[in-house]
Amino acid sequence: MSLLIESKKLKRTGYLPAFLAGGFLAAVFPVVYMMVKSEEMTVLSGNPINLLMAANWQMMAMLNILISICGACMMYHTEYADNGMQKMSVLPIRQGNMFFGKFLIATLVLSIMVVIEMAVLVGCAKYWFPNYVFDLTEILKTTGFQIVIMLPTVMLMLVIASACKNMWVSLGIGVIFVFTLSIFPNDVLSLFPFASPYQILSVAMENSRSTLFLAVCGIETVVFGIAEVLYLKLRRCFE
Amino acid sequence: MNIIETQDLTKTYGDFTAVSHLNLHIRKGSVYGFLGPNGAGKSTTMKMFLGLTQPTEGRFHIDGKTYPSDRVSILKEVGSFIEAPAFYGNLTGEENLEIIRKILGLPKNCVDDALKLVGLTEFRKRLARKYSLGMKQRLGLAGALIGRPPILILDEPTNGLDPVGIHEIRTLIRSLPQKYDCTVLVSSHLLAEVELMADDIGILNHGHLLFEGTMEELKISARAAGFPTDNLEDTFLAMIDEDNHRRGGTV
């Protein structure tokens with residue numbers, strides 16, 4: 001129910017086209033990269049998907065994060081711009097359900113983006129690496145991992161957007177987070193939102209950190225979700 | 001029988017008391033005019049009824065239900081319009097009402113009914129952000145009236161409407177108790193407007209309830225207090241002025 005209502009609210013906001021365009025734009029990176037550097041890449045040994053991910057994922061992940069930030073801002077801008085949120089507050093609907101409906105939509109469209117990106121990576125591997133053997137399980141694992149490690153970022157960004165009535169404030173906070181966390185790469189910070197999406201499954205497995213990443217990202221997502229519910233209760237008390 | 005009752009309802013913001021020990025009694029099936037100058041505490045009181053702001057002290061009951069434990073159940077019974085029209089500008093008038101209909105679990109024909117009640121049927125497919133101020137006001141009212149709830153809380157519903165629109169909305173509000181067995185709490189700072197549609201009135205100033213009763217009772221009370229009674233606007237102004245002087249201000 002919440003999902004249906006929240007998706008209706010996004011009509012004509014450009015939300016879905018923005019995500020699809022972002023997905024396709026991110027997917028263009030490995031294609032262009034291979035067109036330019038195919039000779040260097042094809043002589044490397046290793047799984048072609050891992051090679052392609054190592055070469056392109058940083059850029060693709062950054063695009064995914066930026067699109068998620070814009071998406072969260074768009075979602076709450078439609079709520080605050082013409083007081084739609086105030087109308088929702090006087091209807092028998094829980095604000096928490098609205099928030100989780102938005103989170104579910106953001107996760108779904110992000111998943112579509114990652115699937116598009118993975119499909120293009122597979123296409124690149126097949127086209128430029130003749131010996132590449134398609135392994136569905138490996139692709140599903142990689143896709144799932146990349147989606148799960150994005151979840152804390154999506155959730156935190158929605159929390160920030162829900163707290164800021166001015167879209168530019170939440171957008172600014174999101175962008176500051178992206179650049180702050182990307183210039184301090186270290187093992188601990190990589191577990192935090194806005195930094196975790198840059199991780200790659202193959203590298204995490206090599207360092208035996210894939211389970212750690214999945215667990216920490218899962219916990220962070222739940223914690224931010226609980227924080228939002230508490231925030232909504234507190235906000236009501238101070239209004 | 002009172003459908004809305006408050007007991008010592010108070011709201012303070014730091015040092016400022018917006019509503020002070022308010023005791024309202026709103027009869028079921030009546031139009032209750034909530035009157036007071038700007039900043040008197042009318043909107044704050046209505047916001048408390050809708051759970052948009054927490055009371056600092058006191059409590060209230062709506063249709064036998066208590067806030068905050070029955071908040072969601074209260075909201076199911078109350079249609080409201082607070083301060084300014086609230087809508088999604090990227091959606092059409094019809095789509096806005098469709099969202100409210102889905103949340104309230106109402107049948108599909110309720111949207112058409114609400115649009116017809118406020119005279120927006122012709123503009124149902126237009127984006128809400130492209131509506132004129134009066135049309136936005138009507139859309140807000142349609143959002144409150146959809147499903148014909150038993151209680152309506154309307155905060156200055158005729159703001160921004162042209163004289164014809166004001167007359168239409170006033171007539172509509174006046175007719176609601178008879179037509180749909182509905183109770184209406186409507187605020188205004190215009191006595192003439194309230195006089196034309198309310199059965200009972202409550203006059204609020206600086207968060208204090210100065211008077212509560214019927215229009216006749218207001219006249220009797222004003223006469224007894226030595227206020228002018230020829231013109232109700234003069235009565236209202238004299239009451240407010242006297243209260244302001246008593247509080248040591250002239251606002």
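Notes on the structure in this doc start here.

Conventions used here
Residues numbered from 1 in each chain as written. Chains lettered and ligands numbered in written order. Predicted model: local features only at pLDDT ≥ 70, side-chain atom pairs only at ≥ 80, totals over all residues. Helix = DSSP H or I, 4+ residues; strand = E, 2+ residues; numbered from the N terminus. Rg over C-alpha atoms; globule rule 2.2 N^0.38 Å. Buried ≥ 20, exposed ≤ 12 C-beta atoms within 10 Å, placed from the backbone. Pairing = 2+ DSSP bridges. Axes fitted to C-alpha atoms, helices over the stretch in contact; angles between N-to-C directions. Arc of directions from axis to C-beta. Contact = placed C-beta atoms within 7 Å. Nonpolar A, V, L, I, M, F, W, Y, C, P; charged D, E, K, R; others polar. Parallel < 35°, antiparallel > 145°, perpendicular 65-115°, else oblique. Left-handed = near helix turned anticlockwise from the far one by under 90°.

**Things to note about the overall build of chain A**
- Counting its regular elements, chain A contains 10 helices and 0 strands.
- Overall, chain A shows an N-to-C arrangement of helices and strands of α-α-α-α-α-α-α-α-α-α.
- The C-alpha atoms of chain A give 19 Å as radius of gyration, which agrees with the globular expectation for 239 residues (18 Å, within 12%).
- Going through the 239 residues of chain A one by one, you find that 43% of them count as buried.

**With respect to unusual backbone geometry**
All names here are of chain B.
- Cis geometry is adopted by the peptide bond preceding Pro 68, which originates at Tyr 67 and carries an omega value of 5 degrees.
- Assignment of secondary structure puts Pro 68 in the loop between β6 (65-66) and α2 (71-77).
- The backbone of His 206 shows a phi angle near 50 degrees, a positive value even though the residue is not glycine.

**Comments concerning the sheet that holds strand β8 (residues 151-155) of chain B**
Residues and elements named next belong to chain B.
- Overall, mixed pairing links the 6 strands, which are arranged β7-β8-β9-β4-β10-β11 in an open sheet. Two strands lie at the open edges of the sheet, namely β7 (78-81) and β11 (208-214), each paired on one side alone. Taking the axes of each pair of neighbouring strands and ignoring which way they run, one obtains an average angle of 15 degrees across the sheet.
- The pairing of strand β10 (residues 200-205) with β11 spans 6 bridges and is classified as antiparallel. From the neighbouring strand, Asp 200 faces β11, where its bridge partner is Thr 214.

**Side note on helix α4 (residues 109-117) of chain B**
All names here are of chain B.
- Within α4, the full set of buried residues consists of Val 111, Ala 114 and Leu 115. Viewed along the axis of α4, the buried residues span an arc of 100 degrees, placing them on a single side of the element. Along α4, the residues that are exposed and aim more than 90 degrees away from the buried face are Asn 109 and Lys 116.
- Elements that come into contact with the buried residues of α4 comprise α3 (93-104) and α5 (133-145).
- Among the residues trailing α4, Gly 119 stands out with phi positive, at a value near 75 degrees.

**A short note on the interface of chain B and chain A**
- Opposite the 25 residues of chain B that make contact, chain A presents 21 residues.
- Every element with two or more residues in the side of chain B that touches chain A is listed here: α2 and α3 of chain B.
- When residues in the side of chain B that touches chain A are grouped by element, the largest group, 6 residues, is from α3(B).
- Among the residues making up the side of chain B that touches chain A, the classes are represented as 15 nonpolar, 6 polar and 4 charged.

**Digging into the packing of helix α2 (residues 15-42) of chain A against helix α5 (residues 95-128) of chain A**
Residues and elements named next belong to chain A.
- As a packed pair, α2 and α5 sit with axes 9 Å apart at the nearest point and diverge in direction by 20 degrees. When the axes of α2 and α5 are compared, the pair comes out roughly parallel. Crossing of α2 over α5 shows right-handed handedness.
- Grouping the amino acids of the contact of α2 with α5 by side-chain chemistry returns 17 nonpolar, 4 polar and 1 charged.

**Digging into the packing of α2(A) against helix α3 (residues 48-81) of chain A**
Residues and elements named next belong to chain A.
- Where α2 contacts α3, the two axes come as close as 9 Å, and the packing angle between them is 165 degrees. The pairing of α2 with α3 is recorded here as roughly antiparallel in orientation. The way α2 lies across α3 gives a crossing that is right-handed. For the pair α2 and α3, the contacting residues are Tyr 15, Ala 18, Phe 19, Gly 22, Leu 25, Ala 26, Phe 29, Pro 30, Tyr 33 and Met 41 in the first and Leu 51, Leu 52, Ala 55, Asn 56, Met 59, Met 60, Leu 63, Asn 64, Ile 67, Cys 70, Gly 71 and Met 74 in the second.
- Along the lines of polarity and charge, the residues of the contact of α2 with α3 split into 18 nonpolar, 4 polar and no charged.

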